[in-house]
Amino acid sequence: MKRFAYVARAVAWRSIHNTLVTPSVIVPSIVFPLFFLAAFAGGLSKISHVPHFDYRPGYTAFQFVFVFLQSAAFGGVFTGFAIARDFDSGFARRLLLSAPRRSGIIAGYAGGALARWFVTGSIVTIAALIAGMDVPGNASELVGLVGLGIMANVVAGLWGCGVAMFLRTEQAGALIQMPVFVVIFLAPIYVPLPLLTGWIHSIAKVNPATVVLEAGRGLLAASPVHVGLAFAVLAGAAVVMAAWARRGLASAERAG
Amino acid sequence: MAAELGSTPANGPGLLAQIGAVGRRSITRTLRQRALLIFPMLFPLILFAINGSALNAATRIPGFPPVSYRAFVLAVPFMQGALFIAVTAGIDLARDIESGFFNRLALTPLRGAALLAGQLGGAFIVACLQSVVYLLVGLATGVGIASGVGGAFVLLALSIVIAFGFAGVGALIALRTGSGEAVQAIFPLLFVTLFLSSASLPRPLIAVHWFREVATYNPASYMIEGIRSLVITGWDGRALALGFGFGLALVIVSLGLASGAMRNRLVRT
């Protein structure tokens, strides 16, 4: 356990350090969610005038929850990119040779993803508050929202870690990003689920990301819905993704 | 020595032959990198499919044009594709600089203009290919072109002009920085032009004042509206003039600056 913690701490520290000192890494992960927030909350706010749009805190808060959770998931995705880059540069192979407990590598990268998201999530929250977002939820409900973000970050980070370790090349970037992107964007991101029509409504209804998004919006609006289910979905996904990342690590170990 | 670089001997191949040689390599390389070809083409289509349906409720906003949201938003994949082309073209050029291939080319009698125009050959082919794909996908999903068959050709021409302009931006960044990572890092900033435009709603329906102002001063709004007018309005001279005007201005400015950067890089070599 001590060796696991030692490896995890070292990998996490390197990941956080690299993120903070490399503008080409930190800037996109901050700028993208801010653009999403500006474009969706600013450019599409008139959508809240559509009949039956009934989210009490307003369109900025409606979009904030999406951008907040999306930034959490993409914090994990960007960490997947970093792992792939480490394999391309040869660093990851040296790490595999030197780490006394290799499963600590996964935990370390996941820790780095979480730290990266704390930076992004804080900036997005400050931006939304500056934009005048209404926050009816109480402290425990907001902690619940942050908890959803943490779990989304862990799930996406473990997914990215697994893909990067299986493929061990930066070209894995599209494969890491695309499924996360599609799952998130097939949830009701612009309007509540009942206002969606056609094929996208059918998919959004069964998309697990919908439950998480609706739970997050409910928590922010002080009218919680599906919170237990959302945490259960994310916890289940985390278990599956942890196994996926472990298999990815085993594949990288076999490849040498 | 530096002054001799990039000049063509009197009996050497002409400018067009030089462009053809570099262009062939650029096109072959682009077509061989299927990941770079398919992903940038697919991504805007996925967003088109999702947003075209997910934002259909926007058509119920009073004042929204009497068309489906899919028809309204068809212009966006053309712009997104153009932004991806900027990155692809920039990365290809930056890779040549990083690998030293560019330096070796600079030692040949190849002219700077031929090198730049040829390097963008791959981007031009991708621009043509993806514009046709986006148009066909739009038609296949039931979007009609209000300006008819002639309008469809004008739409293709406008989207190719815009894509070539953005390819010039990618080349400029690559030549200035010589780094593929720098080109990739600039991508979010290029995307701002799309986010902060009238891509999702008509400008009069953007409720947030600062956003509407930015979209009004953003040339990307007029490029999108030029393409959009052909799809949902018909022949709108003003929208087309603005669309082509800003598109051509982008081509001239980006290629002009890229030529300057190319000259500097050849001298540095």
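Predicted model, so just to flag it, every value in this text is computed and none were measured.

What counts and how
Residues numbered from 1 in each chain as written. Chains lettered and ligands numbered in written order. Predicted model: local features only at pLDDT ≥ 70, side-chain atom pairs only at ≥ 80, totals over all residues. Helix = DSSP H or I, 4+ residues; strand = E, 2+ residues; numbered from the N terminus. Rg over C-alpha atoms; globule rule 2.2 N^0.38 Å. Buried ≥ 20, exposed ≤ 12 C-beta atoms within 10 Å, placed from the backbone. Contact = placed C-beta atoms within 7 Å. Nonpolar A, V, L, I, M, F, W, Y, C, P; charged D, E, K, R; others polar. Core = buried A, V, L, I, M, F, W, Y, C linked by C-beta atoms within 7 Å. Axes fitted to C-alpha atoms, helices over the stretch in contact; angles between N-to-C directions. Parallel < 35°, antiparallel > 145°, perpendicular 65-115°, else oblique. Left-handed = near helix turned anticlockwise from the far one by under 90°. pLDDT = per-residue confidence, 0-100.

Engineer: Looking at this structure, I do not really get the overall build of chain B. What am I missing?
Structural biologist: Regarding its fold elements, chain B presents 12 helices and 0 strands. Against the globule reference of 18 Å for 269 residues, chain B gives a C-alpha radius of gyration of 20 Å, in line with a compact fold. Each principal axis of the C-alpha distribution contributes one length, and for chain B these read about 65 × 35 × 35 Å. Here chain B holds 269 residues, and 50% of them are scored as buried. Long-range contacts, defined here as pairs at least 24 residues apart, represent 81% of the contacts in chain B between residues at least 6 apart.

Engineer: Before we go on, may I ask you to explain the overall build of chain A in this structure?
Structural biologist: Scanning chain A from N- to C-terminus turns up 10 helices and 0 strands. Put simply, chain A runs from its N terminus to its C terminus through helices and strands in the order α-α-α-α-α-α-α-α-α-α. Here the C-alpha atoms of chain A give a radius of gyration of 19 Å, agreeing with the 18 Å that 2.2 N^0.38 yields for 256 residues. Viewed in the frame of its principal axes, chain A has a C-alpha envelope of about 60 × 35 × 35 Å. Expressed as a percentage of the 256 residues in chain A, the buried residues total 51%. A sequence separation of at least 24 residues applies to 82% of the contacts in chain A between residues at least 6 apart.

Engineer: Sorry if this is basic, but what is going on with the interface of chain B and chain A here?
Structural biologist: With 27 residues of chain B at the contact, the number on the chain A side is 31 residues. Listed by contribution, the elements that provide at least two residues to the side of chain B that touches chain A are α2 (34-54) and α9 (180-195) of chain B. With 7 residues, α9(B) is the largest single contributor of residues to the side of chain B that touches chain A. In terms of residue class, the side of chain B that touches chain A is made up of 21 nonpolar, 4 polar and 2 charged.

Engineer: Please clarify how the nonpolar core should be interpreted in this entry.
Structural biologist: What tends to happen in soluble globular proteins is that the nonpolar side chains get buried as a cluster. The biggest cluster of nonpolar side chains holds 170 residues, and the ones touching the most others in it are A:V212, B:M79 and B:I85. With 18 residues, the top contributor of residues to this core is helix α3 (residues 59-89) of chain A.

Engineer: Help me understand the packing of helix α6 (residues 139-167) of chain A against helix α10 (residues 227-255) of chain A in this model?
Structural biologist: How two helices pack is summed up by the angle between their axes together with the distance between the axes. Residue and element names in this part refer to chain A. Between α6 and α10, whose axes approach to 8 Å, the crossing angle comes to 20°. Of the possible angle classes, the one that applies to α6 and α10 is roughly parallel. For α6 against α10, the interelement crossing comes out left-handed.

Engineer: Just to check I follow, could you spell out unusual backbone geometry for this structure?
Structural biologist: Comment: phi is negative for the bulk of residues other than glycine, and the bulk of peptide bonds are trans. Residue and element names in this part refer to chain A. At H52, a residue that is not glycine, the phi angle is positive and equals roughly 75°. Note on placement: H52 falls in the loop between α2 (23-43) and α3. Here H226, not a glycine, exhibits a phi torsion of approximately 50°, which is positive. For H226, the position within the fold is in the loop between α9 (208-220) and α10.

Engineer: Would you mind showing me how to read helix α6 (residues 112-119) of chain B here?
Structural biologist: Two residues of an α-helix separated by three or four positions point the same way, owing to the 3.6 residues in each turn. The buried fraction of α6(B) is high, at 7 of 8 residues. When we look at burial in α6(B), the residues that qualify are B:G112, B:A114, B:L115, B:L116, B:A117, B:G118 and B:Q119.

Engineer: Is there a simple way to explain the confidence of the model for chain B in this structure?
Structural biologist: The predicted coordinates should not be examined in detail at positions where pLDDT is low. All names here are of chain B. Chain-level pLDDT for chain B is 86 on average; 94% of the residues reach the 70-or-more range. The secondary structure element of chain B with the lowest average pLDDT is α9, at 77, and the one with the highest is helix α11 (residues 219-233), at 96. Note that pLDDT drops below 50 for residues 1-6; the model gives that stretch 9 contacts with residues more than four away or on any other chain. Across the interfaces of the predicted complex, the ipTM metric reaches 0.76, alongside a pTM of 0.81.

Engineer: Honestly, the environment of A:I123 in this entry has me stumped. Any pointers?
Structural biologist: All names here are of chain A. The topology assignment puts I123 in helix α5 (residues 103-130). Judged by local crowding, I123 falls into the partly exposed class, with 17 C-beta atoms found within 10 Å. In this structure, the C-alpha to C-alpha distance between I123 and P136, residues 13 residues apart in sequence, is 20 Å.

Engineer: What should I look at first to understand the environment of A:F66 in this one?
Structural biologist: Position of A:F66 among the secondary structure elements: in helix α3. Along the chain, A:F66 and A:V212 lie 146 residues apart, while their C-alpha atoms are 9.6 Å from each other.

Engineer: What's the story with the confidence of the model for chain A in this structure? I'm lost.
Structural biologist: On average, residues of chain A score 91 in pLDDT, and 100% of them reach the 70 mark or higher. Looking across chain A, the model is least confident in α2(A), with a mean pLDDT of 83, and most confident in α9(A), with 97.

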